[in-house]
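Here's the letter readout for the chains.
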Amino acid sequence: MTSTFDFTLNGQRVQVENISPNTTLLEYLRANKLTGTKEGCAEGDCGACSVAMVEQNSNGKNCFRAINSCLVPLPLLAGRNVVTVEGVANGELHATQRAMVENFGSQCGYCTPGMLLTAQELLADGNTPSREEIREHISGNYCRCTGYHAIVDA
Ligand code: FES
Ligand code: FES
């Protein structure tokens, strides 16, 4: 059995045809050259595959919800709106990307795209979270080399 549907990906409507319902969003992204989104554990533990789904908050404003793309069957995204790390910059680094660079928040970079999307969920609407809130929010995103101090600084 295969599925055909469309969804919005980084602002573009994309049509998905004849895809197995078992295909995950992560598999689809990487097969379509959006390789900024990384595969780590492929079972929802590490956060390397985090992307954002655009939803509306209780005030009707658009907001980001970070999701683990390795756990999401692609057909569940029919009609939804997804942003990956390739979609956050608009010709120049997004403020969260610049902050990562300036605060040395990335060494190998493997966790960085997922970390950025998770951070944007928290920082939307001009939120100014405490260090503790930041630590808690990114607790599902593992970094094996930089250490969290520089990431929280960023
Ligand atoms: Fe580890 Fe998805 S690859 S949570
Ligand atoms: Fe290497 Fe985080 S920068 S895992």
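Residues numbered from 1 in each chain as written. Chains lettered and ligands numbered in written order. Predicted model: local features only at pLDDT ≥ 70, side-chain atom pairs only at ≥ 80, totals over all residues. Heavy atoms only, no water.

**A closer look at the sheet that holds strand E2 (residues 12-19)**
Remark on secondary structure: sheet strands pair via backbone hydrogen bonds, oriented parallel or antiparallel. Taking strand neighbours across the sheet as the criterion, the 5 strands line up as E2-E1-E5-E3-E4 in an open arrangement whose pairing is mixed. Whereas interior strands pair on both sides, the edge strands pair on one side only; in this sheet they are E2 and strand E4 (62-68). Averaged over all pairs of adjacent strands, the angle between strand axes in this sheet comes to 40°, irrespective of strand direction. By the bridge criterion, 2 bridges tie strand E3 (residues 50-56) to strand E5 (residues 81-83) in an arrangement that is antiparallel. Looking across to E5, one finds that alanine 52 is bridged to valine 83. Packed on one face of the sheet, helix H3 (residues 112-123) meets E3, E4 and E5 and runs near 140° to E4. (Pairing = 2+ DSSP bridges. Helix = DSSP H or I, 4+ residues; strand = E, 2+ residues; numbered from the N terminus. Axes fitted to C-alpha atoms, helices over the stretch in contact; angles between N-to-C directions. Contact = heavy atoms within 4.5 Å.)

**Observations regarding the confidence of the model for the protein**
Mean pLDDT over the protein stands at 94; residues scoring 70 or higher make up 99%. When mean pLDDT is compared element by element in the protein, helix H1 (residues 25-31) scores highest at 98, while strand E1 (residues 3-9) scores lowest at 92. (pLDDT = per-residue confidence, 0-100.)

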